[in-house]
Amino acid sequence: MVAAHNAVRAQYGQNGLSWSEEMVATAAGWARELEANPEWCQAVIHNPERPTRTGENMHVVGVTSPEESSPAEQIVGAWASEQQYYDLDSGSCTPGQQCNHFVQVVWGETTELGCSAAVCPDPQGTLLKVTICDYRPGLLLGQKPF
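Residues numbered from 1 in each chain as written. Predicted model: local features only at pLDDT ≥ 70, side-chain atom pairs only at ≥ 80, totals over all residues. Heavy atoms only, no water.

Undergrad: Just to check I follow, could you spell out the pattern of salt bridges for this structure?
TA: As a working rule, side chains carrying opposite charge can pair if their charged atoms are close by. Applying the stated criterion across every chain, the model contains four salt bridges. The partner of E56 in a salt bridge is R50, with the nearest N and O atoms 3.3 Å apart. One continuous salt-bridge network, built from bridges that share partners, spans E22, E112 and R136. (Salt bridge = Lys/Arg side-chain N within 4 Å of Asp/Glu carboxyl O.)

Structure below.
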């Protein structure tokens, strides 16, 4: 995950991130909460109790088994693809589009990253794999990433 993030960050002249076991623990704690409340997986509910100035990105995909996972490049690539909706000059998203995942990936102040995953059943019995990445420091909404 670090390499995938750093590849995107390098495209925007941002320093690389380092892996943080503390951020892993935060993400893993939320993964356990999601598994205990599977409806939160479907709704992609973010951790409301993250430490101050911690950012969070989540990626949801259907899987056939709990062991199945998406490559880090695919997950980070999905977040990075939101760049098409982000105007670097104005620091804003195209109305009606999502781009904060991209902004968090390239946020200039971020130095640390930690990720975990949850597996939750949906009402139809499909398994959802939710990858959670927490960032320190996290983005500040309404501000430009660099």
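Undergrad: In this structure, what is going on with the pairing of strand β6 (residues 127–136)? I would like to understand it.
TA: Among the ten residues in β6, eight count as buried, and that is most of the element. Here nine bridges tie strand β2 (residues 55–63) to β6, and the two strands are oriented antiparallel to one another. Opposite E56, over in β6, you have D134 as the bridge partner. As paired elements, strand β5 (residues 112–121) and β6 share ten bridges and run antiparallel to each other. Bridge pairing links A117 to T131 in β6. Here β5 hands over to β6 after five residues, with G125 in that stretch at a positive phi of 90°. (Buried < 20%, exposed > 50% of the residue type's maximum accessible area, 1.4 Å probe, protein only. Helix = DSSP H or I, 4+ residues; strand = E, 2+ residues; numbered from the N terminus. Pairing = 2+ DSSP bridges.)

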